[in-house]
Amino acid sequence: MTDQDRRNFTGRVGQVKEVTSLSNPIIKDIKALTNKKDREETGTFLAEGLKLVIDAVELGWAIRTLVYAKAAKGKPLVEQVAAKTIARGGLVLEVSEKVLSSVTRRDNPQMVVGIFEHQWKRLSDLKPASGETFVALDRVRDPGNLGTIIRTADAAGASGVILVGECTDPFSLETVRATMGSVFALPLYRATAEEFLRWSKGSGAQVVATHLAGAVDYRTIDYRPRPTVLLMGNEQSGLPETLAKSADRLARIPQQGRADSLNLAVATAVMLFEARRHLLTLETK
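In this report, we go over the structure that sits alongside the text.

Scoring rules and cut-offs
Residues numbered from 1 in each chain as written. Predicted model: local features only at pLDDT ≥ 70, side-chain atom pairs only at ≥ 80, totals over all residues. Heavy atoms only, no water. Helix = DSSP H or I, 4+ residues; strand = E, 2+ residues; numbered from the N terminus. Rg over C-alpha atoms; globule rule 2.2 N^0.38 Å. Buried < 20%, exposed > 50% of the residue type's maximum accessible area, 1.4 Å probe, protein only. Contact = heavy atoms within 4.5 Å. Areas by Shrake-Rupley, 256 points an atom, 1.4 Å probe, with all protein chains shown as cover. Pairing = 2+ DSSP bridges. Axes fitted to C-alpha atoms, helices over the stretch in contact; angles between N-to-C directions. Salt bridge = Lys/Arg side-chain N within 4 Å of Asp/Glu carboxyl O. Core = buried A, V, L, I, M, F, W, Y, C linked by side-chain atoms within 4.5 Å. Expected span 1.5 Å × (residues − 1).

The helix and strand inventory of the protein stands at 11 helices and 12 strands. Computed over C-alpha atoms, the radius of gyration of the protein comes to 21 Å, within 12% of the 19 Å expected from 2.2 N^0.38 for 285 residues, which places it in the range of a compact globule. Counting only C-alpha atoms, the protein reaches 60 × 50 × 40 Å along its principal axes. For the protein, the residues scored as buried account for 49% of the 285 residues in total. Considering only intrachain contacts with a sequence separation of at least 6, the fraction spanning at least 24 residues in the protein is 80%. A total of about 14,200 Å² of accessible surface is found on the protein, and carbon and sulfur atoms cover 48% of it.

Printed below as a string of structure tokens:
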């Protein structure tokens, strides 16, 4: 990406641009965000859907570019988010449906797409408090799994997700779709295995890891005295011994049928809602 491309991509304050050509350099740069390399170089990513974009803006995420289909022009909510984008120095693009389809790679694309800046929290700054639960994922590889886990962690009231080692990108289009917007609501941390081990020792939290060698039924663990970090392993190989040995408790989820394992996202959901069961209440109207 050239310097001029970068200037085009970041936009200028107060600018609204109409785009109908697939060869427009700004559109090319946006389409390139389907590649992890381009997302990392620009520090940006794609998010689809008006509600999701509005939620992200309201939660304070920096929006670089707003793209909407001509058919959405004049709709009050679209106009409002466009005004906020411009006020924050972003670029607003009004595009044809053909252009929008090329950006999202969908036959029936969302009418609104936002380009946002990455937002990572520093693990070294994290000091878990009483009643907090975090999910730590070791080398999670599947975008759908990661997105579902982020969404589930948000629903269960967890306080963040920690990505350990070489994980799939939480800002890929597939992962963001699977989070259904929760990627904007939940803090994300990343660390090497060594950094996670150093942090966990001094964090004051209890680390509960799921492992085939676990001898403890996950339902018998007391999750109340300290904040909890649920440590979940890679889809294929599980947790390495270095991480497993560092855990305060090695837990297992009892199973009875012929299946010998659970999907990572499902196992994480089971653990999360048990760990937070004492904190979750069903609100009645």
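From this point, things continue past the structure.
Moving on, we come to the sheet that holds strand β2 (residues 44-48). Ordered in space as β1-β4-β3-β5-β2, the 5 strands form an open sheet in which the pairing is mixed. Unpaired on one side and paired on the other, β1 (16-19) and β2 mark the two borders of the sheet. The sheet shows a mean angle of 20 degrees between the axes of neighbouring strands, direction not considered. In the sheet, β2 pairs with strand β5 (residues 112-117) via 5 bridges, with the strands oriented antiparallel.

Buried within helix α9 (residues 193-202) we find Phe196, Leu197, Trp199 and Ser200. On its buried face, α9 is in contact with β6 (133-138), β7 (160-164), β8 (188-191), β9 (206-210), β11 (228-232) and α10 (241-246). Once α9 finishes, Gly204 follows within two positions and takes phi at roughly 85 degrees, a positive value.

We now examine the sheet that holds β11. Strand order in the open sheet formed by 7 strands is β8-β7-β6-β11-β9-β12-β10, with parallel pairing between adjacent strands. Looking at strand neighbours, the two that pair on one side only are β8 and β10 (216-217), the edges of this open sheet. Direction of pairing for β6 relative to β7: parallel, over a ladder of 5 bridges. Bridged to Val135 within β7 is Val161. In the packing of helix α7 (residues 143-156) onto the sheet, contacts are made with β6, β7 and β8, and the angle to β6 comes to roughly 170 degrees.

The subject of this paragraph is the pattern of salt bridges. The full count for this structure, using the stated rule, is 12 salt bridges. Among the salt bridges present, the one from Glu94 reaches Lys73, with a minimum N-O distance of 3.5 Å. Of this pair, Glu94 sits in strand β4 (residues 91-95) while Lys73 sits in the loop between β3 (63-69) and α5 (76-87), placing them 21 residues apart in sequence. Given a relative accessible area of 52%, Lys73 falls into the exposed group.

A word on the side chain of Asn145. Along the polypeptide, Asn145 turns up in helix α7. Using a relative accessible area of 9% as the deciding quantity, one classes Asn145 as buried. Here Asn145 is in contact with Val140, Glu235, Asn263, Leu264 and Ala265, once residues within four sequence places are set aside.

Before going further, it helps to spend a moment on the nonpolar core. For soluble globular proteins, the rule of thumb is that nonpolar side chains tend to be buried together. Core analysis: the largest hydrophobic core is formed by 50 residues, its most contacted members being Leu66, Phe116, Leu137, Val161, Phe184 and Met271. For this core, the leading source of residues is helix α11 (residues 264-275), giving 6 residues. Grouped together as the second largest cluster of nonpolar side chains are 19 residues, Leu123, Leu126, Val229 and Leu239 included.

Our next topic: the environment of Ser172. Relative to the assigned elements, Ser172 resides in the loop between β7 and α8 (173-179). The spacing of Ser172 and Lys36 is 136 residues in sequence and 7.1 Å in space, taken between C-alpha atoms. The contacts of Ser172, once residues within four sequence positions are left out, are Arg39 and Pro143.

Residue position: His211 is located in the loop between β9 and β10. Leaving out residues up to four positions away in the same chain, His211 has contacts with Leu239, Glu241, Ala244, Leu250, Ala251 and Arg252.

It is worth spelling out α11 at this point. Between its first and last C-alpha, α11 extends 16 Å over 12 residues, near the 16 Å set by a 1.5 Å rise per residue. Where α11 is concerned, the buried positions are Leu264, Ala265, Ala267, Thr268, Met271, Leu272, Glu274 and Ala275. Structurally, α11 contributes buried residues whose contacts are with β6, α7, β9, β11 and β12 (249-252).

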